[in-house]
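Residue strings, one per chain:
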Amino acid sequence: MAISVFDLFKIGIGPSSSHTVGPMRAAYDFVQALNDKGLLERVARIEVTLFGSLCATGKGHGTDSAVIMGLMGERPDRIDPAIVAPCIEELIEASTLMLDGRLAIPFLWARDMQWREECLPYHPNAMTLVAHGHGDELWRNTYYSVGGGFVIDEGQAERGELDQDGTSLPYDFNSAAELMALCRMHGMRISELMLENEKAWRSEAEVRDGLWRIWQAMQACVNEGLQHEGVLPGGLNVKRRAASLHQRLLAARDDQSLIASTFGAMDWVNVFALAVNEENAAGGRMVTAPTNGAAGIIPAVLHYYMKFQPGACERNVVDFLLAAGAVGILCKKNASISGAEVGCQGEVGSACAMAAAGLAEVMGGSVGQVENAAEIGLEHNLGLTCDPVGGLVQVPCIERNAIASVKAINAAQMALRGDGEHFISLDKAIRTMRDTGRDMQDKYKETSRGGLAVNAIEC
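All of these numbers come straight from a predicted model, not from anything done at the bench. (Residues numbered from 1 in each chain as written. Predicted model: local features only at pLDDT ≥ 70, side-chain atom pairs only at ≥ 80, totals over all residues. Heavy atoms only, no water.)

A. Molecular detail of the sheet that holds strand S6 (residues 125–132). A sheet is described by the order of its strands in space; here 5 strands give the open sequence S5-S2-S6-S7-S8, paired in mixed fashion. The sheet terminates laterally at strand S5 (113–116) and strand S8 (150–153), the two strands that pair on one side only. Each strand axis lies, on average, 25° off the axis of its neighbour in the sheet, ignoring direction. Sheet topology note: the strand S2 (residues 45–51)/S5 ladder contains 4 bridges and is parallel. Residue pairing across strands places phenylalanine 51 opposite arginine 116, the latter belonging to S5. Sitting on the sheet, helix H2 (residues 17–36) touches S2, S6, strand S7 (137–147) and S8, and the angle it makes with S7 is about 150°. Strands in contact with helix H4 (residues 63–71) are S2, S5 and S6; relative to S2, the strand with the most contacts, it is inclined by about 145°. (Pairing = 2+ DSSP bridges. Helix = DSSP H or I, 4+ residues; strand = E, 2+ residues; numbered from the N terminus. Axes fitted to C-alpha atoms, helices over the stretch in contact; angles between N-to-C directions. Contact = heavy atoms within 4.5 Å.)

Take a look at the structure:
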């Protein structure tokens, strides 16, 4: 299985890569399959069933709306987030779905959008789509949203395929030990090796341009988050804080008071992370990094580097994302980046490790120091549960990104102060994340049935 850095960093919309981006992509793929089979024009009704974690927290994550938009022919990387709410309102009012954006078919929400708590065998994030003709079933398929916007269908799941990309890479690796050995054998940094692998799909210029566009999308998300105020949607009445904190940071430049003097680089990291995850919670334009629930960590740390490191440039952005991507690939291959599968350690933990590795890379760390930074970032997020209050990616998710961003910077700093030798390897930390996720009770894995999700609700 070959995973590209562009599989981990995908432009989409909030609030969730597994519960919003993935389901929209699955529904879009279902419509394309109908078209390829010559069945699209015969469809008279579409039936949607959401299972497991998609059922448990799907309403808070906008899963139902995302599926509808996918059936309408919208893709998460191209859709304008502003059209989602009015399109759904119009559909409900008219009981009509514009399939592929052009074929009007009846859609009765109470009948055709079903929610079932049972988990299907392969993954907690499952959905089945059925296309009916006039009196007959035309086509059905089950899709699994396996984290970070990755989607596989029933056939791939049965064959044990996580992804259908079989591209041959010049420096393929399945563990951090293999990655470091390859780097040392060929005299390459981790970002250099990753660049050579990416060239199996596209030219070096395309890789650099593509990663720069990812960075621009991250910057745009931060900028949007720094401008918007008010209360986040969903009913928890969580207030946005990034914009007001940003204003306080700007004002503190000319304020010599004791409180103002405490503002510093870490406050900027916090505000960058909060801005991203508030935008995510509001359903704005996002970049999975590697998921939406953890999307603020890498942008916050990279903004921190670009703001405070003298001479920081475009090349550093590319190297940061490539090194971070290497760690994300290892987490996905050997454990999971899905909160529904292993808890938030798979989302925030993986993102923290990725950000730490990226920062250590651009700060000139050795291969061993970069691996050490990633290990520290992941190790100290092990066991982190996914228990979103109200099924919304708000509490504790928004603050958790800010805390993990600072933790990633500290992890990189600790690694850079050392020589790369350390007791616990990144491979062992990833394996522990996998094993911990297997042992973790389901109520702590993006179902909102345990932890803060229940204790935060006043009786």
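B. Quick look at the pairing of S6. In terms of residue burial, S6 counts as a mostly covered element, since 8 of its 8 residues are buried. With 7 bridges joining them, S2 and S6 adopt antiparallel strand pairing. From the neighbouring strand, phenylalanine 51 faces S6, where its bridge partner is alanine 126. Two elements, S6 and S7, share 7 bridges in a ladder whose sense is antiparallel. (Buried < 20%, exposed > 50% of the residue type's maximum accessible area, 1.4 Å probe, protein only.)

C. The arrangement of unusual backbone geometry in detail. A cis geometry characterises the amide bond from alanine 289 onward to proline 290, with omega recorded as -5°. Assignment of secondary structure puts proline 290 in the loop between strand S9 (285–287) and helix H14 (297–308). With an omega dihedral of 5°, the bond running from valine 395 to proline 396 counts as a cis peptide bond. Even without being glycine, glutamate 446 reaches a positive phi, approximately 55°. Counting through the fold element by element, glutamate 446 comes out in the loop between helix H20 (426–439) and helix H21 (452–455).

D. Just the nonpolar core, in detail. Ranked by internal contacts, the top residues of the largest apolar core, which has 106 residues, are Phe9, Phe173, Ile190, Met218, Ile298, Leu321 and Leu359. A per-element tally of this core places helix H15 (residues 314–334) first, with 12 residues. Contact partners of isoleucine 190, with chain neighbours within four places excluded, come to Leu179, Cys183, Ala323, Ala326, Glu361, Val367 and Val370. With 36 residues, the next largest nonpolar core counts Leu97, Phe107, Met113 and Met127 among its residues. (Core = buried A, V, L, I, M, F, W, Y, C linked by side-chain atoms within 4.5 Å.)

E. Main features of the side chain of asparagine 292. Among the secondary structure elements, asparagine 292 is positioned in the loop between S9 and H14. Residue classification places asparagine 292 among the buried positions, given a relative accessible area of 1%. Among the polar contacts listed, one links the side chain of asparagine 292 to the side chain of asparagine 280, at a separation of 3.2 Å. If we ignore the near neighbours within four places in the chain, the residues touching asparagine 292 are Ile13, Gly14, Pro15, Ser16, Ser17, Val21, Asn277, Asn280 and Met286. (Polar contact = N/O pair within 3.5 Å; in protein donor to acceptor, adjacent residues only side chain to side chain.)

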